[in-house]
Amino acid sequence: MSAAAGARLTDAELRAQERAARKAERERQKRIARDEAAERRRSAKAGFANVNNPRRSTLMTVLCAIFAVYCLFPFVYLAINATKTQADFTSTFGLGFGKSFALWDNIVTVFTYQDGIFGRWLVNTLLYVVVGAGGATLLAIMGGYALAKFRFPGRKAVFAVIIGSISVPGIALAVPQFLLFAKLSLTNTPWAMIIPSLISPFGLYLMWIFSEQAVPTELLEAARVDGASEFRTFWTISLPLLAPGIVTTALFTIVATWNNYFLPLIMLKDADWYPLTIGLNQWKDQASTAGGQAIQNLVITGSLITIIPLVIAFLCLQKYWQSGLAAGAVKE
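As the structure is a prediction and not an experimental result, all values here were calculated from the model. Each chain has its residues counted from 1, running along the sequence as written. For this predicted model, a pLDDT threshold of at least 70 governs which residues receive local features, and a threshold of 80 or more governs which side-chain atom pairs are given and counted, while totals over whole chains, interfaces and linings are taken from all residues. The side-chain values count all of the structure's non-hydrogen atoms but skip hydrogen atoms and water molecules.

### Side note on the side chain of Thr306
The following threshold applies: Numbering goes from the N terminus for both helices and strands, where a helix is a DSSP run of H or I of at least four residues and a strand is a run of E of at least two. Relative accessibility under 20% of the residue-type maximum defines a buried residue, over 50% an exposed one, and the middle range a partly exposed one, all with a 1.4 Å probe and only protein chains included. It only takes one pair of heavy atoms within 4.5 Å for two residues to be counted as in contact.
By the secondary structure assignment, Thr306 is in helix α15 (residues 296-326). For Thr306, a relative accessible area of 11% corresponds to the buried category. Once residues within four sequence positions are removed from consideration, Thr306 is found in contact with Phe118, Trp258, Leu276 and Leu280.

### Examining the pattern of salt bridges
The cut-off we apply is this: Here, a salt bridge means any side-chain nitrogen of Lys or Arg that lies within 4 Å of a carboxyl oxygen of Asp or Glu.
Taken as a whole and judged by the stated rule, the model has five salt bridges. Across the pair Arg28 and Glu25 runs a salt bridge whose closest N-O atoms are separated by 2.8 Å. Separated by three residues within a single helix, Arg28 and Glu25 lie in helix α1 (residues 2-46), roughly one turn from each other. A relative accessible area of 35% means that Glu25 is categorised as partly exposed. Arg155 is the partner of Glu212 in a salt bridge, and the nearest nitrogen-oxygen pair spans 3.9 Å. Of this pair, Glu212 sits in helix α9 (residues 201-214) while Arg155 sits in helix α6 (residues 155-167), and the two are 57 residues apart along the sequence. Judged by its relative accessible area of 31%, Glu212 falls in the partly exposed class. In this structure, a network of salt bridges that share partners links the residues Arg151, Arg155 and Glu212.

### Some remarks on helix α12 (residues 243-258)
To keep it simple, the criterion reads: Multiplying 1.5 Å by the residue count of a helix minus one yields the expected span of that helix.
For α12, which comprises 16 residues, the first-to-last C-alpha distance of 22 Å matches the rise-based estimate of 22 Å (1.5 Å per residue) to within 8%. Those residues of α12 not exposed but buried are Pro244, Gly245, Ile246, Val247, Thr248, Thr249, Ala250, Leu251, Thr253, Thr257 and Trp258.

### What about the packing of aromatic side chains?
Test applied: Put simply, two rings from Phe, Tyr or Trp (the six-membered ring, in Trp's case) pair if the centres are within 6.5 Å, and we call them stacked under 30 degrees between planes, edge-to-face over 60, tilted for the rest. Two conditions define a charge located above a ring, namely a distance within 6 Å from the ring centre to NZ of Lys or CZ of Arg, and an angle within 35 degrees of the ring normal.
Evaluated as defined, the whole model comprises ten aromatic pairs. Note on Phe159 and Tyr205: the rings are 6.3 Å apart at their centroids and 45° apart in plane angle, and the pair reads as tilted. Within this pair, whereas Phe159 is found in helix α6, its partner Tyr205 is found in helix α9, the two being separated by 46 residues in sequence. Consider the rings of Phe231 and Trp235, whose centres lie 6.3 Å apart with planes at 10°: the pair is stacked. Of this pair, Phe231 and Trp235 are both found in helix α11 (residues 230-241), four residues apart, which corresponds to roughly one turn of the helix. The class for Phe231 is exposed, based on a relative accessible area of 59%. For Trp235, a relative accessible area of 52% corresponds to the exposed category. Each residue in the set Phe111, Tyr113, Phe118, Trp121 and Trp283 is aromatic and connected to the rest through ring pairs, giving one cluster. Positioned over the ring face of Trp273 is Arg120, at 4.9 Å from the centre of the ring.

What follows is the structure in structure tokens.
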């Protein structure tokens, strides 16, 4: 009898334990639900700040949409008005198409007007970009890498000079540069555009900072121990690691040289050496001269042609920016 009572008592204890376990589980589930609800409320307030729950902010989305419209509006205006004739340009709404689609005719006229001077301006701009911006990028790469990976007397003084150069606006140096180049008889020549474009303090600073972070010193020391020269170390090891920074610096210098307006305005007098910026502005002002012909449709079409190479460059090189942004994101 006592054994059976002991068995019945054990079964009762087991059932009590099961009920207590189920109750504890229900309480745990309620706590989890409350914690998740509180986390969702905190995430809604934090927006992008919560990396575990990256909810989108409606206000931020609206602001980004407005900014995107603001950036794309000039391009849309150029694309629409480049399809108009001069008569349609002056008689129709700016964001509406004309009576005829004259895009191809406008492109042909742009390259044939005034004996094809637009093509000469395009070649000049490419020359200034390839030699000037390309040289500025090369100098920035070598200078930034040397300043980041080598220790030498006066390094801090060089850093101060670079920071000071960045703070000085380029337009403030235009007149002194003109006087200097006039003394050297280099005005109204391509060198008046190329030589100033070779100096990019911001590009040098950018490559300095990027080289400091992207190229491990231990990797360079290992290459030196294996007997690699400094040139080979830079060319085969450091240069591939610097690709995102190089592309960024190159695009900054390319855009700055491609859109340069004030420097060629004071340096160049011969229309045969004009870049696109000065040439298109000359076409724009043509209607205000005595007996001048209004050719706004050609100015708009030429402006559209001018920005297409930059758009293509940005689209083709964006993968290097993405790799640069992702660098160091994974914990080793």
